[in-house]
Amino acid sequence: MPARRPVYLNLLKIRLPLPGIVSIMHRASGALLFLLLPLLLYVLQQSLSSAQGFAEVRSWFLSPLAKLALLGVIWAYLHHFCMGLRYLALDLDIGVKLAQARFSAKLVLIVSIVLTLLIGVKIW
Amino acid sequence: MVNRVVSGAHYGLRDWLAQRVTAVVMALYTLFMVGYLLLQTPLDFVAWQGLFHSLPVRLASLLFVLSLFIHGWVGMRDIFMDYVHPTLIRLALHVAVILALVVYAAWAVQILWSGL
């Protein structure tokens, strides 16, 4: 019997392997960064406008909540960055075997979180 | 296996390549910026403005921003192609992304060259 098409998968029943999870996080972080572009451009504009503007930007990030939000953005950037390097390596046929691919997925997840935490320690 | 008749159209190779080339450009710029921020601590306005006053940094920043916008376009388009199936809505989203990115590009040029 031919399969009925299209096949709809139940996303709640699928257990995504780690490479799948970091992959969807790559997408989500990319989309988030795209949505934040106007905000980031505004911050850059303010910081370069004058000494006053620079001080103003600095004062925005004094509150813990703003620092946390900034760290969220930094994490998104770092995850996207590390994942991008992983994809570039995969394109070059580096680490395409299953075990290696799983390891590099774990590595990306851990490295980007550790770097985010290090930056967090620095800005706090 | 999808059987397609290869005619004059390109099948996404250009976008595939653009996504990677722009990624490498942005990665290099990011490493440069991180290196600068690590050496230049604490960062003050004079140093920050001085950095963006140099022409090579402005041009590199422009290259970064343009790469970012091409990269963002390909990425957002891929996301919409995968998840937004009604053609009209997808088309509207594509147009919105393109218009936003063109505006951002002009804005970025204005930011980078406003201090001249």
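Here the structure is shown first, and the text comes after it.
Residues numbered from 1 in each chain as written. Chains lettered and ligands numbered in written order. Predicted model: local features only at pLDDT ≥ 70, side-chain atom pairs only at ≥ 80, totals over all residues.

## Some thoughts on the nonpolar core
All names here are of chain A. V22, W75, A76, Y77, L78, F81, C82, M83, A105 and V108 together form the largest nonpolar core, which totals 10 residues. Taken together, the elements giving at least two residues each to this core come down to α3 (64-91) and α4 (98-123). In terms of residue count, the dominant contributor to this core is α3 (seven residues). What C82 contacts, discounting residues up to four positions off in sequence, is V108, V111 and S112. (Core = buried A, V, L, I, M, F, W, Y, C linked by C-beta atoms within 7 Å. Buried ≥ 20, exposed ≤ 12 C-beta atoms within 10 Å, placed from the backbone. Helix = DSSP H or I, 4+ residues; strand = E, 2+ residues; numbered from the N terminus. Contact = placed C-beta atoms within 7 Å.)

## A short note on helix α1 (residues 18-49) of chain A
Helix length check: α1 of chain A (32 residues) gives 44 Å between terminal C-alpha atoms against 46 Å at 1.5 Å per residue, within 8%. Within α1 of chain A, the axis deviates most sharply at L37 of chain A, by approximately 50°, and proline P38 of chain A lies no more than four positions further along. Taken residue by residue, α1 of chain A has V22, H26, S29, G30, F34, S47 and L48 of chain A as its buried positions. Residues of α1 of chain A that are buried sit in contact with α2 (51-60), α3 and α4 of chain A together with α2 (45-53), α3 (55-83) and α4 (87-113) of chain B. (Expected span 1.5 Å × (residues − 1). Bend = angle between axes of the 7 residues up to and from the residue.)

## A few points about the interface of chain B and chain A
Counting residues at the interface gives 17 residues for chain B and 17 residues for chain A. Of all the elements in the fold, those that place two or more residues in the side of chain B that touches chain A are α1 (13-39), α2, α3 and α4 of chain B. Counted by class, the side of chain B that touches chain A contains 11 nonpolar, five polar and one charged residues. (Nonpolar A, V, L, I, M, F, W, Y, C, P; charged D, E, K, R; others polar.)

## Let's talk about the packing of α3 of chain A against α4 of chain A
Residues and elements named next belong to chain A. In contact at an axis separation of 9 Å, α3 and α4 are set at 150° when each is read in the N-to-C sense. Both α3 and α4 take part in a crossing whose hand is right-handed. For the pair α3 and α4, the contacting residues are K67, L71, I74, W75, L78, H79, C82, M83 and R86 in the first and S104, V108, V111, S112, L115, T116, I119, G120 and I123 in the second. Broken down by class, the residue content of the contact of α3 with α4 amounts to 11 nonpolar, five polar and two charged. (Axes fitted to C-alpha atoms, helices over the stretch in contact; angles between N-to-C directions. Left-handed = near helix turned anticlockwise from the far one by under 90°.)

## Considerations on the packing of α1 of chain A against α3 of chain B
It is at 10 Å that the axes of α1 of chain A and α3 of chain B come closest, and there the two elements cross at 120°. One way to sum up the angle between α1 of chain A and α3 of chain B is to call them oblique. Here the hand of the crossing between α1 of chain A and α3 of chain B comes out left-handed. Taking contact as the criterion, the partners of R27, G30, A31 and F34 of chain A in α1 of chain A are, on α3 of chain B, G72, G75, M76 and I79 of chain B. Among the residues making up the contact of α1 of chain A with α3 of chain B, the classes are represented as four nonpolar, three polar and one charged. (Parallel < 35°, antiparallel > 145°, perpendicular 65-115°, else oblique.)

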